[in-house]
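Listed below, chain by chain, are the residues.
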Amino acid sequence: MEAPLFTSVDDVTARLAETGYLASPAVATTVFLAARLGKPLLVEGPAGVGKTELAKAVAAISDARLIRLQCYEGVDESRALYEWNHAKQLLRITAGRDESWDRTRTDIFSEEFLLARPLLSAIRGDDAKVLLIDEIDKADVEVEGLLLEVLSDFQVTVPELGTISATRRPFTVLTSNASRELSEALRRRCLFLHIGFPEEDLERRIVALKVPELDTVLAESLVRVVGALRAMDLRKAPSVAETVDWARTLLALGADRLDEEVVRQSLGVVLKHQEDVTTATAKLDLDTV
């Protein structure tokens, strides 16, 4: 029997914090359950709230190999699961001209000629692995069908070889920015976690951890201003990563307070669309934040 990855929810919280990932109770609890139940974890939320970093942090604390499938429009079976090494197969066929086709066919459709892509790589071998299927919502709907066998049984069926099953299940994380609706079949196979923007206290702790040189009072002002920006009707609200970037920016500028001039000079660090900058400039009142 494998030793459990985590002994308790508190253990998850403490060990993630050692990597610099400050988890809320909901995050820590869901990670603990995913590890204990051996279920894939589907993490949804806006960009920049730490979904991908969560998988990286779990890999770090479990001393596991991180295997990442970055999804995009057009990703297919050959990029996600496996493909055959056609050049090597052709060389083998050429070298075995005097052999029977049955003998040649048996050879060229063997493990030696199989190129494992992320999903197959994640279920092969006995080493500890974290499988990150990143931004699944950016892939075509058909790709979800490729994932179902892996997510439910942690196995891949190769018609020429048969079924390859995991001897050690990877800790599996799927991330989604919810740009499209995922199928119920995929959701049914996963535990679900939504990571939104953190509470003010947690975000202050994150800033203090990532940018410890920043003055505490300035960090508190920064977090309050970011919260005010998120409350506006913006095209893209500032992410946690952008809050940290802004903290580092203030440090680089040598700012000792967050006044209108500093905000105007550095607002492009957290807002990435001109209409958002215009809206924030017009509506943001630092005296009331």
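Just above, that's the structure.
Here the structure is a predicted model, which means the values were calculated and not measured. (Residues numbered from 1 in each chain as written. Predicted model: local features only at pLDDT ≥ 70, side-chain atom pairs only at ≥ 80, totals over all residues. Heavy atoms only, no water.)

A. Focus on the layout of surface pockets. Estimates place the volume of the largest pocket at around 790 Å³. Looking at the largest pocket, it is lined by 36 residues, and the ones nearest its centre are Tyr21, Gly48, Val49, Gly50 and Lys51. Elements represented by at least two residues in the lining of the largest pocket include exactly helix 3 (51–61), strand 2 (65–70), helix 10 (200–210) and helix 12 (240–253). Broken down by element, the residue count for the lining of the largest pocket peaks at five residues, all from helix 3. Here the residues of the lining of the largest pocket sort into 16 nonpolar, eleven polar and nine charged. (1 Å grid on protein atoms, 1.4 Å probe; cavity = no way out; pocket = protein on both sides within 12 Å on 5 of 7 lines; lining within 4 Å. Points joined across faces, edges and corners; volume = space filled by probe spheres on them. Helix = DSSP H or I, 4+ residues; strand = E, 2+ residues; numbered from the N terminus. Nonpolar A, V, L, I, M, F, W, Y, C, P; charged D, E, K, R; others polar.)

B. The arrangement of the side chain of Asp137 in detail. Here Asp137 shows up in the loop between strand 5 (129–134) and helix 8 (141–153). Only 3.3 Å separates the side chain of Asp137 from the backbone nitrogen of Asn177, close enough to count as a polar contact. Ignoring anything within four residues of it in the chain, the contact list for Asp137 reads Thr175, Ser176, Asn177, Ala178, Ser179, Arg180 and Leu182. (Polar contact = N/O pair within 3.5 Å; in protein donor to acceptor, adjacent residues only side chain to side chain. Contact = heavy atoms within 4.5 Å.)

C. Here's a closer look at unusual backbone geometry. Residues other than glycine seldom take positive phi values, yet Asp63 does so here, at roughly 50 degrees. Locating Asp63 in the fold gives a position in the loop between helix 3 and strand 2.

D. The side chain of Glu144, seen in detail. Turning to its location among the elements, Glu144 is positioned in helix 8. The contacts of Glu144, once residues within four sequence positions are left out, are Arg180, Glu181, Leu182, Ser183 and Leu186.

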